[in-house]
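Each chain, written out:
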Amino acid sequence: MTGKEYFNGIRAKIDAISNLRRRMEEIAELSTALGGFNYDEPRVMGGMPKNKYEDKTIMLAELSQQLSDALVDCVRAKSECDLRLMQMPNRTYVKVLRLRYLEDKRHSWGWIADEMDYSEDRIRHLVGEA
């Protein structure tokens with residue numbers, strides 16, 4: 001596995017957490033939305049009425065468990081990565097790799113260049129060298 005593949009794997013874990021959070025927000029928003037009556041289905045007398053919030057609550061609980069598992073996995077991977085980065089003698093490499101791959105928000109090359117006071121091309125080269 002190359003360094004880029006390693007860091008992209010961690011980046012994918014961070015992105016998966018963001019996606020799960022976004023999905024949970026969508027479902028929570030939908031669960032509070034007003035519903036309507038479906039005139040296409042025949043009315044059935046008797047039986048248990050369907051709770052329109054029950055399905056969404058179950059989905060939220062499942063997503064919550066997935067999020068919890070993903071967070072644990074991500075923290076473990078980031079901790080392992082931090083231990084490896086601390087062994088690197090070049091602190092510039094460490095900083096550029098952390099900004100590019102380990103932040104919760106994905107930073108652009110331009111943002112990292114401004115943050116570190118380098119050109120975008122130099123930042124790309126630093127990441128490649130690191």
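Definitions and cut-offs
Residues numbered from 1 in each chain as written. Predicted model: local features only at pLDDT ≥ 70, side-chain atom pairs only at ≥ 80, totals over all residues. Heavy atoms only, no water. Axes fitted to C-alpha atoms, helices over the stretch in contact; angles between N-to-C directions. Helix = DSSP H or I, 4+ residues; strand = E, 2+ residues; numbered from the N terminus. Parallel < 35°, antiparallel > 145°, perpendicular 65-115°, else oblique. Contact = heavy atoms within 4.5 Å. Nonpolar A, V, L, I, M, F, W, Y, C, P; charged D, E, K, R; others polar. Phe/Tyr/Trp six-rings, centres within 6.5 Å; stacked < 30°, edge-to-face > 60°. Buried < 20%, exposed > 50% of the residue type's maximum accessible area, 1.4 Å probe, protein only. Lys NZ or Arg CZ within 6 Å of the ring centre and 35° of its normal. Arc of directions from axis to C-beta. Salt bridge = Lys/Arg side-chain N within 4 Å of Asp/Glu carboxyl O. Core = buried A, V, L, I, M, F, W, Y, C linked by side-chain atoms within 4.5 Å.

**Q** Sorry, what's going on with the packing of helix 3 (residues 91–102) against helix 5 (residues 120–129) here?
**A** If you want to describe how two helices pack, look at the angle between their axes and the distance between the axes. Between helix 3 and helix 5, the least distance of the axes is 9 Å, while the angle of their chain directions is 105°. By the angle class used here, helix 3 and helix 5 are roughly perpendicular. In contact with Thr-92, Tyr-93, Val-96, Leu-97 and Tyr-101 of helix 3, helix 5 contributes Ile-123, Leu-126, Val-127 and Glu-129. Here the contact of helix 3 with helix 5 is composed, by residue class, of 7 nonpolar, 1 polar and 1 charged.

**Q** Could you clarify how one ought to interpret the packing of aromatic side chains in this entry?
**A** The way to describe two aromatic rings as a pair is by their centre distance and the angle between their planes. Counted by the stated rule, this structure contains 2 aromatic pairs. Ring centres of Tyr-6 and Phe-7 lie 5.5 Å apart, and the angle between their planes is 75°; on these two criteria the pair is classed as edge-to-face. Assigned by exposure class, Tyr-6 and Phe-7 land together as buried. Here Phe-7 and Tyr-101 contribute two aromatic rings whose centre-to-centre distance is 5.2 Å and whose plane-to-plane angle is 25°, an arrangement assigned as stacked. In this pair, Phe-7 is assigned in helix 1 (residues 3–31) and Tyr-101 in helix 3, connecting sequence segments 94 residues apart. An aromatic cluster of at least three residues, connected via ring pairs, comprises Tyr-6, Phe-7 and Tyr-101. The ring of Trp-109 carries the charged tip of Arg-100 above its face, separated from the ring centre by 3.9 Å.

**Q** Hey, could you run me through helix 5 in this one?
**A** Since the α-helix turns once every 3.6 residues, residues separated by three or four places project in the same direction. Buried residues of helix 5: Ile-123, Leu-126 and Val-127, and no others. The buried residues of helix 5 all sit within an arc of 100° when viewed along its axis, so they share a single face.

**Q** How should I be thinking about the pattern of salt bridges in this particular structure?
**A** A side chain with one charge may pair with a side chain of the opposite charge, provided their charged atoms come close. One pass over the full model with this rule turns up 9 salt bridges. Among the ionic pairs, Asp-15 bridges to Arg-106, the shortest N-O distance being 2.6 Å. Residue Asp-15 is found in helix 1, and its partner Arg-106 is found in the loop between helix 3 and helix 4 (109–116); the two are separated by 91 residues along the sequence. Residue class for Asp-15 comes out partly exposed when judged on its relative accessible area of 26%. Residue Arg-106 is classed as partly exposed on the basis of its relative accessible area, which comes to 44%.

**Q** Would you mind showing me how to read the nonpolar core here?
**A** As a rule of thumb, soluble globular proteins bury nonpolar side chains together. Counting 29 residues, the largest nonpolar core has Phe-7, Ile-10, Cys-81, Leu-85, Val-96, Leu-97 and Ile-123 as its most contacted members. No other element matches the 8 residues that helix 1 contributes to this core. If near-sequence neighbours (up to four positions away) are discounted, Phe-7 is found in contact with Cys-81, Leu-85, Leu-97, Tyr-101 and Leu-102.

**Q** What am I meant to see in helix 4 here?
**A** Here helix 4 has its buried residues at Gly-110, Ile-112, Ala-113 and Met-116. Considered in projection along helix 4, the buried side chains sweep an arc of 165° and stay on one side of the axis. Considering only its buried residues, helix 4 is in contact with helix 3 and helix 5. Following helix 4 by one or two positions, Asp-117 adopts a phi angle in the positive range, close to 60°.

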